[in-house]
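Listed here are the chains, written in short residue letters.
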Amino acid sequence: AESGDPAHAEEMLRFFCDVCDKECFCATLYTCYQEIKPDVAIELAWRNNYADFVMPYIIQYARHLHDKVEALEKKTSTKEAQETAESDANAAAAAGMMYDNYNGPPMLTAGPGMMPEYAPQPQMGMPPMPQAGMGPQIGMVPPGGPMPGYGMPPSGQMPPMGF
């Protein structure tokens, strides 16, 4: 452990497997934790039936890995929160540019052909004249209000409120 050489720590693990010293294998895993690669420790334990002796190392390694991931998540979530706040501020500024000086939405007017055309009212004693190109339009309410029984209540009445 003092040398900090992973090759030397792995060589010691292999030696303890060769001499069948399970306790020293486990102690080496604990004292040389930083130098030993997890795949080497797990493989040697598996090949030599040292699963119970490698388990403390695996638990320690899992905890160490969990702590690293948790720290990275905290760092990235803080960055993401800052980036989200900046993008929200930029979106609000861009939306503010679309409005006029009164901080309200811009006034929109209907473009050509968007306003409904009204037919002239017939004079007394004259039959109504059909409008050229102006047949019944889908979705328009007929004169005199909606027809009863087509989803709209007669004028002045509330729809029934039952299940």
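Every value quoted in this text rests on a predicted model; they were computed, and no experiment measured them.

S.K.: Tell me about the pattern of salt bridges, and please be specific about residues and values.
M.R.: One pass over the structure, following the stated rule, counts 3 salt bridges. E10 is the partner of R14 in a salt bridge, and the nearest nitrogen-oxygen pair spans 2.9 Å. Note that R14 and E10 are positioned in helix α1 (residues 6-18) at a spacing of 4 residues, about one turn of the helix. When its relative accessible area of 39% is taken as the criterion, R14 is described as partly exposed. For E10, a relative accessible area of 26% puts it in the partly exposed group. Residue E43 is joined to R47 by a salt bridge in which the shortest nitrogen-to-oxygen separation is 3.0 Å. One end of the pair, E43, and the other, R47, are both in helix α3 (residues 38-47), 4 residues apart, so they sit about a helical turn from each other. Given a relative accessible area of 37%, E43 falls into the partly exposed group.

S.K.: Which residues make up the nonpolar core, and what values go with them?
M.R.: F25, L29, I36, V54 and Y57 are the most contacted members of the largest nonpolar core, which totals 16 residues. Elements with a contribution of two residues or more to this core: α1, α2 (22-31), α3 and α4 (51-98). Apart from residues lying up to four places away in sequence, V54 is in contact with F25, L29, A41, I42 and A45.

S.K.: Hey, could you go over the packing of α1 against α2 for me, with residue numbers and the actual values?
M.R.: Running from amino to carboxyl end, α1 crosses α2 at an angle of 165 degrees, the nearest separation of the two axes being 8 Å. The angle between α1 and α2 falls in the class roughly antiparallel. As α1 packs across α2, the resulting crossing turns out to be left-handed. Contact residues: α1 offers A9, M12, L13, F16 and C17, while α2 offers C24, F25, T28 and L29.

S.K.: Any chance you could break down unusual backbone geometry for me, citing the residues and the numbers?
M.R.: The phi angle of most residues is negative, glycine excepted, and most peptide bonds adopt the trans form. With a phi angle near 55 degrees, C20 is a residue other than glycine that sits in the positive phi range. Within the fold, C20 resides in the loop between α1 and α2. With a relative accessible area of 59%, C20 lands in the exposed category. Positive phi, normally seen in glycine, also occurs at N49, with a value near 55 degrees. With respect to the helices and strands, the residue N49 is situated in the loop between α3 and α4.

S.K.: Now, about the packing of aromatic side chains: what can you tell me, with residues and values included?
M.R.: Counted by the stated rule, this structure contains 5 aromatic pairs. Ring centres of Y50 and F53 lie 6.2 Å apart, and the angle between their planes is 70 degrees; this geometry places the pair in the edge-to-face category. Aromatic ring contacts, followed pair by pair, group F25, Y50 and F53 into a single cluster.

Analysis parameters
- Note that residues are indexed from 1 along each chain, following the sequence as it is written.
- Where local features are concerned, this predicted model is filtered to residues with pLDDT of at least 70; where side-chain atom pairs are given and counted, the filter is 80 or more; whole-chain, interface and lining totals use all residues.
- Only heavy atoms go into the side-chain values, all of them from the structure, while hydrogens and water stay out.
- A pair is scored as a salt bridge if a Lys or Arg side-chain nitrogen falls within 4 Å of a carboxyl oxygen belonging to Asp or Glu.
- Strands are runs of DSSP state E lasting at least two residues, helices are runs of H or I lasting at least four, and both sets are numbered from the N terminus onward.
- Burial classes follow relative accessibility: with a 1.4 Å probe on protein chains only, a residue under 20% of its type's maximum area counts as buried, one over 50% as exposed, and anything between as partly exposed.
- Nonpolar cores were defined as sets of buried Ala, Val, Leu, Ile, Met, Phe, Trp, Tyr and Cys residues, with membership established by side-chain atoms within 4.5 Å.
- What makes two residues a contact is simply this: any of their non-hydrogen atoms within 4.5 Å.
- Note on method: axes are straight lines fitted to C-alpha atoms, helices fitted across the in-contact stretch only, with angles between N-to-C directions ranging 0 to 180 degrees.
- If an angle is under 35 degrees, it is roughly parallel; if it is over 145, roughly antiparallel; if it lies from 65 to 115, roughly perpendicular; otherwise it is oblique.
- Left-handed describes a crossing in which the near helix is turned anticlockwise from the far one by less than a right angle; the clockwise case is right-handed.
- When the centres of two rings from Phe, Tyr and Trp lie within 6.5 Å, Trp using its six-membered ring, the rings pair. Their planes under 30 degrees apart give stacked, over 60 give edge-to-face, and anything left gives tilted.

Interpretation in functional terms is not warranted from these geometric data alone.
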